[in-house]
Amino acid sequence: MSNETLVKSENRKEAKGKRAEFQKARPMVEGKTTVIHVARTAKVVKGGKRFGFRALVVVGNGMGKVGVAIGKANQVQLAIAKAESHARKHMISFPIVGETIPHETIGKFGAASVWMKPAAPGTGVIAGSGVRLLFEAAGIKDVLAKSLGSTNPCNLAYATLEAFKQLKSKEAVNVLRGKAVAAPAEAPKAEEPAPVATAE
């Protein structure tokens, strides 16, 4: 390496502020990150148009824990990194029965509504593209879902998240109702046959 290259590398200024945090290499963390939607935005200023990017990202560990967030920046990678960081900080957990949800529910956010219902094993994820990514990130493999309102991808994602928040397990409902969880009944034991008396 020449002396000129060394001088240039030493004189190079390091990034400062919040942007520097996203440029640094991040350690591997638990969960899978999936980009749902990326949109280009434009702001009209005196000198012309200023373009930016908005990224919608979902993060899930595949075991009933999922988070959704939006990130905005002048570059796509920075927008995705912002959304991923925010989604990991605001993840929620909900119960899973086998590979489906415990009961039927409807989630609403803005003008979007998402209806979901448990499905039999082998059914698969019957849902739209955006909602399907949330189910896959959460580890749900059998479910029926339908969008009942707006098709805005951001509102659909947050409506699905609101539906996840409403899910409750059977044990949690019994505790709220003040009912004791009954222990499973033992199967009756088969009576042993009486010995047959033999004539001497």
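This structure is a prediction, so every number in the text was calculated from the model and none was measured. (Residues numbered from 1 in each chain as written. Predicted model: local features only at pLDDT ≥ 70, side-chain atom pairs only at ≥ 80, totals over all residues. Heavy atoms only, no water.)

1. Focus: the environment of Ala163
Stage number 1. With respect to the helices, strands and loops of the structure, Ala163 is situated in helix 5 (residues 153-166).
Stage number 2. Relative accessible area serves as the criterion here: at 0%, Ala163 is assigned to the buried category.
Stage number 3. Residues Ala163 and Lys108, spaced 55 residues apart in sequence, show a C-alpha to C-alpha distance of 7.3 Å.
Stage number 4. When residues no more than four places from it in sequence are discounted, the contact partners of Ala163 are Thr105, Ile106, Gly107 and Met116. (Helix = DSSP H or I, 4+ residues; strand = E, 2+ residues; numbered from the N terminus. Buried < 20%, exposed > 50% of the residue type's maximum accessible area, 1.4 Å probe, protein only. Contact = heavy atoms within 4.5 Å.)

2. Brief notes about the environment of His103
Stage number 1. For His103, the position within the fold is in the loop between strand 4 (92-93) and strand 5 (105-109).
Stage number 2. The spatial distance from the C-alpha of His103 to the C-alpha of Met116 is 8.5 Å, given a sequence separation of 13 residues.
Stage number 3. At 3.1 Å, the side chain of His103 and the backbone nitrogen of Lys168 are in polar contact. (Polar contact = N/O pair within 3.5 Å; in protein donor to acceptor, adjacent residues only side chain to side chain.)

3. A word on the pattern of salt bridges
Stage number 1. Taken as a whole, this structure holds 3 salt bridges when the rule is applied.
Stage number 2. The salt bridge partner of Glu84 is Arg88, with a shortest N-O separation of 3.2 Å. In this pair, Glu84 and Arg88 are both assigned in helix 3 (residues 76-89), 4 residues apart and thus about one turn of the helix distant.
Stage number 3. A relative accessible area of 22% places Arg88 in the partly exposed class. (Salt bridge = Lys/Arg side-chain N within 4 Å of Asp/Glu carboxyl O.)

4. Some words on the pairing of strand 1 (residues 32-45)
It is a general feature of regular strands that their side chains alternate between the two faces of the sheet.
Stage number 1. In the sheet, strand 1 pairs with strand 2 (residues 48-60) via 13 bridges, with the strands oriented antiparallel. Bridge assignment links Arg40 to a residue of strand 2, and that residue is Phe53. (Pairing = 2+ DSSP bridges.)

By themselves, these are just geometric observations and shouldn't be taken as functional.
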